[in-house]
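The residues making up each chain are set out below.
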Amino acid sequence: MKVLFVASECAPFVKTGGLADVIGAVPKALAPLGVEARVMLPLYPALKKMSVKGQTVWKTPDLHGGKARLIHLVAEGLDLLLLDAPHLFDRGGSIYQNADGEDWPDNALRFGALSYVAAEVAANGVAGWQPDIVHAHDWQAGLVPAYLHQMNAPTPPCVLTIHNIAFQGLCAADLMEPLGLDDALYTQDGVEFYGNLGFLKAGVAFADKITTVSPTYAREIMHPEFGMGLEGLLSARARDVSGILNGIDLDVWNPETDPVLPNPYSVKRLKPKQQSHKAVIERFGLTPPEYAPLFCVISRLTTQKGVDVLLDVLPGLVARGARLAVLGSGDRDLEAGFVAAAHRFPGAVGVIIGYDEDLSHLMQGGSDAILIPSRFEPCGLTQLYGLRYGTVPVVARTGGLADTIVDANEAALAANCATGVQFAPVTPSALSHAIDHCCDLFEQPKIWSGMMRRAMRHPVGWETSSKAYLEVYDSLLGG
């Protein structure tokens, strides 16, 4: 079976969040199941150097105002199709925003181009290769099903995966013609979304199957609280919607072999974790805690992630003798709030604004617990990294967080199956209670070490989920 993945980012080449990790991992996980996957993504400046080793397999003189071509190559174990359109993708800043943090004004044309070329490859093939299935990811590839729908020829079925419904790719309706979309698609049941053209809406309307990245999130987005205006259409298509949990790359995230850790450790040999603990304490300028956990936060600093609520409860966390190390960036006010907290609680709260992949590994390896108080979380990966590294997750009971963490309530503790702490709702009192509960558990070494070991044994790879994706593909091909 041949599958074309279409996405805006892919680890390890270009990454702004968890989407990239998924795109970089799933094709590899599907290979042993007989799936030949190719990943199409834009050729950003960071990919230019490696692209010279590739072969041009398709080109056009005009793609929204400039020449474009597809380059085929294999790198890092992935079969890639890179869309080389310098006028759209060869620019500074981030892949979505300029240097001032503002969205590129032509993002609709940029990712509309990605979707259009993907649909062309799906319909006509390229260099003798044609997919049996197209798998589009998030709004950046949301127009792929729409382009396939308007073609007057047989086309492969299309799966859309929603990684975060909050990002929908809305643009002005007058871009329908420049994007090459038929006017007939601009309806309430099509691409129209409250007077705009919605990329994600298009995908939900025209994809043959829709998946999300956790079973709970698949149910949540059918309700107004989480559906962001698409809950009605999703509910109408409920039979075509399923939730498949994300996994993580077990080779990249492995405390037994992680080169970032001062001394790797395992579920049978936990003592070396203390060296990573010491390294995190030193890196963040903290004083070592006595009989209390070292918490960490590795996150975008946004209200979605609930970190504003964490700011409210920091005095209580510090009063328990606990420590907090924060790595992240995002909302300027929240960044300033955490920097101010580090000054207010010197030695107890340490903050580094930005993102550092190696440091995130060290924090997972050296912290006792990781705080994830998200208001909504489609799946989440940091709690999976926490499980893998024996860093107990303290999570809001929502989306994939609810699906992956077994709460340390009395029943779970008695049954020896708890792997973390859940709380709800996302309020200061509920989060404060969860932190206190975590501290209480930490003060009971036998219980705590049991939770750590169960967490590390919990399956967090792609084996089960890759089979679930294959089942979706087979259902579309009559398998």
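A quick note: this is a predicted structure, and the numbers were derived from the prediction, not measured.

## Observations concerning the overall build of the protein chain
Helix and strand counts for the protein chain come out as 19 helices and 18 strands. In terms of overall size, the protein chain behaves like a compact globule, its C-alpha atoms giving a radius of gyration of 23 Å where 479 residues would be expected to give roughly 23 Å. With respect to the three principal axes, the spread of C-alpha positions in the protein chain is 70 × 45 × 45 Å. Put simply, the protein chain has 479 residues, and 57% of those count as buried. Considering only intrachain contacts with a sequence separation of at least 6, the fraction spanning at least 24 residues in the protein chain is 70%. Surface exposure of the protein chain reaches about 19,400 Å², of which carbon and sulfur atoms provide 51%. Computed over 37 positive and 51 negative side-chain charges, the inter-centroid distance for the protein chain is 8 Å.

## Details of the sheet that holds strand 1 (residues 2–6)
In space, the nine strands of this open sheet follow the order 3-4-5-2-1-6-7-11-12, with mixed pairing throughout. Strands at the two margins of the open sheet, each flanked by one partner only, are strand 3 (55–60) and strand 12 (241–243). Within this sheet the neighbouring strands show an average axis-to-axis angle of 25°, counted without direction. Relative to strand 4 (residues 68–75), strand 3 is paired through five bridges, and the arrangement is antiparallel. In the sheet register, Thr56 faces strand 4, and the bridge partner there is Ile71. Lying over the sheet, helix 6 (residues 199–206) contacts strand 7 (158–162) and strand 11 (209–212), oriented at roughly 130° with respect to strand 7.

## A few points about helix 13 (residues 357–366)
Here helix 13 lies mainly inside the structure; eight of its ten residues are buried. Of the positions making up helix 13, those classed as buried are Leu359, Ser360, His361, Leu362, Met363, Gln364, Gly365 and Gly366. Contact partners of the buried residues in helix 13: helix 10 (273–283), strand 13 (294–301), strand 14 (323–330), strand 15 (349–353), strand 16 (369–372) and helix 14 (382–388). The N-capping residue of helix 13, defined by a side-chain oxygen 3.0 Å from the backbone nitrogen of Asp358, is Asp356.

## With respect to the packing of helix 10 against helix 13
In contact at an axis separation of 7 Å, helix 10 and helix 13 are set at 125° when each is read in the N-to-C sense. Between helix 10 and helix 13, the angle is such that the two are oblique. The handedness of the crossing between helix 10 and helix 13 is left-handed. Together, Lys273, Ser276, His277, Ala279, Val280 and Arg283 of helix 10 and Leu359, Leu362, Met363, Gln364, Gly365 and Gly366 of helix 13 make up the contact between the two elements. Tallied by class, residues from the contact of helix 10 with helix 13 come to five nonpolar, five polar and two charged.

## Looking at the side chain of Ser51
Take Ser51: it is sitting in helix 2 (residues 48–51). Overall, the relative accessible area of 8% leaves Ser51 in the buried class. Within polar-contact distance, the side chain of Ser51 engages the backbone oxygen of Lys48 at 2.6 Å. Leaving out residues up to four positions away in the same chain, Ser51 has contacts with Leu43, Ile71 and Leu82.

## What about the sheet that holds strand 9 (residues 192–193)?
What the three strands build is an open sheet, ordered 8-10-9; its pairing is antiparallel. Every other strand in the sheet has two partners, leaving strand 8 (170–172) and strand 9 as the edge strands with one partner each. Note that strand 9 and strand 10 (residues 196–198) share two bridges and pair antiparallel. The residue of strand 10 that forms the bridge with Glu192 is Leu197.

## Focus on the pattern of salt bridges
Scanning all chains against the criterion turns up 15 salt bridges. In this structure, Arg38 and Asp79 form a salt bridge, with 3.4 Å as the shortest nitrogen-oxygen distance. Here Arg38, found in strand 2 (residues 36–42), pairs with Asp79, found in strand 5 (residues 78–84); they are 41 residues apart in sequence, far enough to count as distant. For Arg91, the salt bridge goes to Asp106, with nearest N and O atoms at 2.8 Å. In this pair, Arg91 sits in the loop between helix 3 (86–89) and helix 4 (107–124) while Asp106 sits in the loop between helix 3 and helix 4, placing the two residues 15 residues apart along the sequence. The structure contains a network of salt bridges with shared partners spanning Arg320, Asp436, Asp440 and Glu443.

## Focus on the packing of aromatic side chains
A full pass over the atoms with the stated rule returns ten aromatic pairs. Both rings, one in Phe111 and one in Trp139, keep their centres 5.5 Å apart while their planes meet at 80°; by these two values the pair is edge-to-face. Remark: Trp139 occurs in the loop between strand 6 (133–137) and helix 5 (144–149) and Phe111 occurs in helix 4; sequence separation between them is 28 residues. According to the relative accessible area criterion, Trp139 is buried, its value standing at 12%. Centroid distance Trp139 to Phe199: 5.6 Å. Interplanar angle 75°. Geometry classified as edge-to-face. With a gap of 60 residues between them, Trp139 in the loop between strand 6 and helix 5 and Phe199 in helix 6 connect regions that are remote in the sequence. Counting every residue linked through ring pairs, the aromatic cluster contains Tyr44, Phe89, Tyr96, Phe111, Trp139 and Phe199. Directly above the ring of Trp104 sits Arg91, whose terminal nitrogen or CZ lies 4.7 Å from the centroid.

## As for the pairing of strand 1
In terms of burial, strand 1 is largely enclosed, as four of its five residues are buried. Judged from the five bridges that link them, strand 1 and strand 2 form a sheet pairing that is parallel. Bridge pairing in strand 2 places Leu4 opposite Arg38. Here strand 1 runs beside strand 6; their pairing, made up of four bridges, is parallel. Counted as the bridge partner of Phe5 is His135 from strand 6.

Definitions and cut-offs
Residues numbered from 1 in each chain as written. Predicted model: local features only at pLDDT ≥ 70, side-chain atom pairs only at ≥ 80, totals over all residues. Heavy atoms only, no water. Helix = DSSP H or I, 4+ residues; strand = E, 2+ residues; numbered from the N terminus. Rg over C-alpha atoms; globule rule 2.2 N^0.38 Å. Buried < 20%, exposed > 50% of the residue type's maximum accessible area, 1.4 Å probe, protein only. Contact = heavy atoms within 4.5 Å. Areas by Shrake-Rupley, 256 points an atom, 1.4 Å probe, with all protein chains shown as cover. Lys, Arg positive; Asp, Glu negative; His and termini not counted. Charge placed at Lys NZ, Arg CZ, Asp CG, Glu CD. Pairing = 2+ DSSP bridges. Axes fitted to C-alpha atoms, helices over the stretch in contact; angles between N-to-C directions. Polar contact = N/O pair within 3.5 Å; in protein donor to acceptor, adjacent residues only side chain to side chain. Parallel < 35°, antiparallel > 145°, perpendicular 65-115°, else oblique. Left-handed = near helix turned anticlockwise from the far one by under 90°. Nonpolar A, V, L, I, M, F, W, Y, C, P; charged D, E, K, R; others polar. Salt bridge = Lys/Arg side-chain N within 4 Å of Asp/Glu carboxyl O. Phe/Tyr/Trp six-rings, centres within 6.5 Å; stacked < 30°, edge-to-face > 60°. Lys NZ or Arg CZ within 6 Å of the ring centre and 35° of its normal.

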